[in-house]
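If you want the building blocks of each chain, they are given just below.
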Amino acid sequence: MNTNKQATNVLLALHTELSKLPVIFREQVCEECNFSTPTFYRKMRGIDRRVDGKLIPALSNAEKQKIREIGEGVTRALSASILGDVEK
């Protein structure tokens, strides 16, 4: 009997991975977009607005693109983690 290999509670493992995602996502966005944590949350709540007929976007096009890329990367990492667990 192999005592080095412990049984994994799939529910606990998946919940733990899902719980980490918001922090990982926030940290990556802050690093890539050069945001502080308060700036991240302020920009997250921000909306595009018009001032004197001019559109003032909450996020630049570059920020939007980088945020999408980070979201895709985090999603791929989660999928790989889940599928890696299933294949074992």
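What this report covers is the structure whose coordinates are included nearby. (Residues numbered from 1 in each chain as written. Predicted model: local features only at pLDDT ≥ 70, side-chain atom pairs only at ≥ 80, totals over all residues. Heavy atoms only, no water.)

Some words on the side chain of Thr39
For step 1, the next point in the chain: Relative to the helices and strands, Thr39 is located in helix 2 (residues 37-45).
For step 2, the next point in the chain: Classification of Thr39 as buried rests on a relative accessible area of 15%.
For step 3, the next point in the chain: A distance of 2.9 Å separates polar atoms of two side chains, one belonging to Thr39 and the other to Ser36. (Helix = DSSP H or I, 4+ residues; strand = E, 2+ residues; numbered from the N terminus. Buried < 20%, exposed > 50% of the residue type's maximum accessible area, 1.4 Å probe, protein only. Polar contact = N/O pair within 3.5 Å; in protein donor to acceptor, adjacent residues only side chain to side chain.)

A word on the packing of helix 1 (residues 10-33) against helix 2
For step 1, the next point in the chain: Contact pair helix 1 / helix 2: the axes reach a minimum separation of 10 Å and the direction vectors enclose 100°. Our classification of the angle between helix 1 and helix 2 gives roughly perpendicular. Of the residues in helix 2, those in contact with Phe25, Arg26, Val29 and Cys30 of helix 1 are Thr37, Phe40 and Tyr41. (Axes fitted to C-alpha atoms, helices over the stretch in contact; angles between N-to-C directions. Parallel < 35°, antiparallel > 145°, perpendicular 65-115°, else oblique. Contact = heavy atoms within 4.5 Å.)

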